[in-house]
Amino acid sequence: MSNKITALAHSNLALIKYWGNHDAKLRMPLNDSLSMTLDALTTETTVEFDSALENDEVVVGGEPADEKTFTRVAEQLARIRQLAKIETRARTHSRNNFPSAAGLASSASAFAALTLAGTRAAGLELDERALSVLARQGSGSAARSIPGGFVEWLAATNVTSTSDQSYARQLMPPEAWALRDVIALVSADAKKVGSTEGHALAHTSPFLGERISRLPMRYHRVRRELLAKNLKGMGADIEAEALELHMLAMTSRPPIFYWTPETVRVMDAVRAWRAEGLEAYYTLDAGPNAHILVQASDAAELAQRLRALEGVRAVLSSAPGGGARVIETHLF
Ligand code: PMV
């Protein structure tokens, strides 16, 4: 069998965050989460199963993958082989349209693209839900990069829940709302503590139980305001959500600090600009860069203000993006 397939997937920004698993091995999360797929940030991945190979081959951005990345990709390829009932090893090349070193999460788009390209190359035709379940096992947030637009990922936390019940589905298509994620890059350093480790440490924070018990109310409010396309209505909850994620990280043992002084400067500026009438709300992932949500009509003004801020190295703006899809141009 030699069927070369290339897929493209976008990264996504969580509005309600995923932090902590109830089943770490299967990456089944503790809570439901909500996200916007990001048109501007993409990964393209080509996969080809080749019986001449003795081992999987993993190339990222033109270079052989480091050991950690290789292992994680090879594990995902093994899941695909198991489903397809084949033994053949695969050649896998991928590239991001943004520098991996920019500190922007790339595992969501990477594992979504790998899962789609890998399953098709192995001769499987999985539906969106099954792709999301499989992508989730490579990187939790990748489950949300399979559908496009505005997405919800169901946690499935009952004692009787099975892996195939934890998947992401579209809430609204990308064209439904001209929302923008304006990203203020304040650091180009690679993450000090990866999110897999962060999820594992979440259980050591004394506040995890409190968060999980209160979260359903916030989740339903944000979901309702999202469907109503009411940025103001969900803004305070979105900021609180980012702060809570970082509060959990900072109160883990050992604590994880993702913020830098520049992160705080951006958050302060957004609050000040909002007081002057610019309707903008920040959120953060497991890193120092700030994501600021605004209506498309305010994106240029916000980007200009951010560029003038000390410590902001670059500004990117993203519209809502589409789902993971097969494309015709191969990487090798
Ligand atoms: O998919 P992971 O394991 O990289 O986790 C992502 C965690 C956050 O980005 C911090 C939150 C989220 O929901 O995307």
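In what follows, the structure referred to is the one given above.
None of these values were measured; they are calculated from a predicted model.

Enquirer: Could you give an account of the packing of aromatic side chains, with specific residues and numbers?
Expert: Ring pairs (aromatic) are described by centroid distance and by the angle formed between their planes. Counted according to the given criterion, the structure contains three aromatic pairs. Where tyrosine 18 meets tryptophan 153, the ring centres are 4.8 Å apart and the plane angle is 70 degrees; that geometry is what we call edge-to-face. Here tryptophan 153 lies in strand S8 (residues 150–153) and tyrosine 18 lies in the loop between strand S1 (5–16) and strand S2 (21–23), a separation of 135 residues in the sequence. Comparing tyrosine 18 with tryptophan 153 shows no difference in burial state: the two are buried. Look at phenylalanine 150 and tryptophan 177: their rings are 6.0 Å apart centre to centre, the planes differ by 35 degrees, and that puts the pair in the tilted class. Pair noted here: phenylalanine 150 is in strand S8 and tryptophan 177 is in the loop between strand S9 (168–172) and strand S10 (179–185), with a separation of 27 residues, a long-range link. Each member of the pair phenylalanine 150 and tryptophan 177 is classed as buried.

Enquirer: So what's going on with the site of the ligand? Which residues, and what values?
Expert: The local shell around the ligand holds 14 residues, among which Tyr18, Ser141, Arg144, Ser195 and His199 are the closest. At 2.7 Å from an oxygen atom of the ligand is found a side-chain nitrogen or oxygen belonging to arginine 144. Contact with the protein chains removes 96% of the 380 Å² of surface that the ligand exposes when unbound. Considering only residue class, the shell around the ligand consists of five nonpolar, six polar and three charged. For the shell around the ligand, the two domains that each supply at least three residues are domain 1 (5–173) and domain 2 (176–318).

Enquirer: Please set out the pairing of strand S12 (residues 290–295) residue by residue, giving values where relevant.
Expert: Counting buried residues in S12 gives five out of six residues, a clear majority hidden from the surface. Inspection of the sheet shows S10 paired to S12 by six bridges, in the antiparallel sense. The residue bridging leucine 179 from the neighbouring strand is glutamine 295, located in S12. In the sheet, strand S11 (residues 281–284) pairs with S12 via four bridges, with the strands oriented antiparallel. The residue bridging threonine 283 from the neighbouring strand is histidine 291, located in S12. Hairpin connection, S11 to S12: the antiparallel pair is bridged by five residues.

Definitions and limits used
- Sequence order as written defines the numbering, with residues in each chain counted from 1.
- Only residues with pLDDT of 70 or above have their local features reported here, since the model is predicted, and side-chain atom pairs are shown and tallied only from 80 upward, although totals for entire chains, interfaces and linings are computed over all residues.
- As a convention, hydrogens and water are excluded, and side-chain values are obtained from all of the structure's heavy atoms.
- Paired rings are identified among Phe, Tyr and Trp, the last through its six-membered ring, by centres lying within 6.5 Å, and are further divided according to the angle between planes into stacked (under 30 degrees), edge-to-face (over 60) and tilted (the rest).
- Segments assigned H or I by DSSP are reported as helices when at least four residues long, segments assigned E as strands when at least two residues long, and all are numbered from the N terminus.
- Burial classes follow relative accessibility: with a 1.4 Å probe on protein chains only, a residue under 20% of its type's maximum area counts as buried, one over 50% as exposed, and anything between as partly exposed.
- Working definition: residue near molecule or strand if any one of its non-hydrogen atoms lies within 4 Å of it.
- What qualifies as a polar contact is a pair of N or O atoms within 3.5 Å, subject to a donor-acceptor requirement within protein and to the restriction that residues adjacent in sequence count only when both atoms come from side chains.
- In these tables, accessible area is a Shrake-Rupley quantity obtained with a 1.4 Å probe, and a residue counts as shielded only by the protein chains included in the view.
- Side-chain classes are defined by residue name, with Ala, Val, Leu, Ile, Met, Phe, Trp, Tyr, Cys and Pro counting as nonpolar, Asp, Glu, Lys and Arg as charged, and the others, Gly among them, as polar.
- The source of the domain bounds is an automatic or database domain assignment.
- Strands are labelled as partners when DSSP assigns at least two bridges between them.

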